[in-house]
Amino acid sequence: RGAVVNSSKAPKATGKRKGRCDLPFTGGDFWQSLITETPQAAREVLAAAIAKLGIQPDRDQLKKLTNRLVFALNALVKTGAIKDSGKGRERRFFSA
């Protein structure tokens, strides 16, 4: 008989995730610095972020950056750091 293998154990993580998309740091005041007095759609803020980072994001990076944007904009509006108007695709963000 061969060695018994415990198949209930999960393999150990190696620290690297498959398909990981590395992006530059976008915390702190990064998103707030992109908001101007002129009302902008989220898509325009995203374009400004890509330009400021100086990257050509692939599909995974774009998805991750968009998720960061949505979270940051909602948090900034909630804290009163920026203002918004409209709903859905008509929603615009501008400095307070």
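Residues numbered from 1 in each chain as written. Predicted model: local features only at pLDDT ≥ 70, side-chain atom pairs only at ≥ 80, totals over all residues. Heavy atoms only, no water.

Colleague: I'm lost on the overall build of the protein chain in this one. Help?
Modeller: A count of helices and strands for the protein chain gives 3 helices and 2 strands. Secondary structure elements of the protein chain occur, N-terminal to C-terminal, as α-α-α-β-β. Taken across its 96 residues, the protein chain has 24% of its residues classed as buried. Of the roughly 7,700 Å² that the protein chain leaves accessible, carbon and sulfur atoms contribute 53%. (Helix = DSSP H or I, 4+ residues; strand = E, 2+ residues; numbered from the N terminus. Buried < 20%, exposed > 50% of the residue type's maximum accessible area, 1.4 Å probe, protein only. Areas by Shrake-Rupley, 256 points an atom, 1.4 Å probe, with all protein chains shown as cover.)

Colleague: How do you make sense of helix α3 (residues 59-79) when you look at a structure like this?
Modeller: With 21 residues, α3 should cover 30 Å at 1.5 Å per step; its first-to-last C-alpha distance of 30 Å lies within 8% of that length. Every buried residue belonging to α3 is among Q61, L65, L69, A72, L73 and L76, and all of these are buried. The buried residues of α3 occupy an angular sector of 100° when projected down its axis, which confines them to one face. Seen from the buried face of α3, the exposed residues on the opposite side, beyond 90 degrees, are R59, K63, F71 and K78. Positive phi appears at G80, one or two residues downstream of α3, with a value of about 85°. (Expected span 1.5 Å × (residues − 1). Arc of directions from axis to C-beta.)

Colleague: Looking at this structure, I do not really get the nonpolar core. What am I missing?
Modeller: The nonpolar side chains of soluble globular proteins are, as a tendency, buried together. Residues W31 and L65 are the most contacted members of the largest nonpolar core, which totals 17 residues. Here W31 is in contact with T26, V45, A49, L65, R68, L69, A72 and L76, once residues within four sequence places are set aside. (Core = buried A, V, L, I, M, F, W, Y, C linked by side-chain atoms within 4.5 Å. Contact = heavy atoms within 4.5 Å.)

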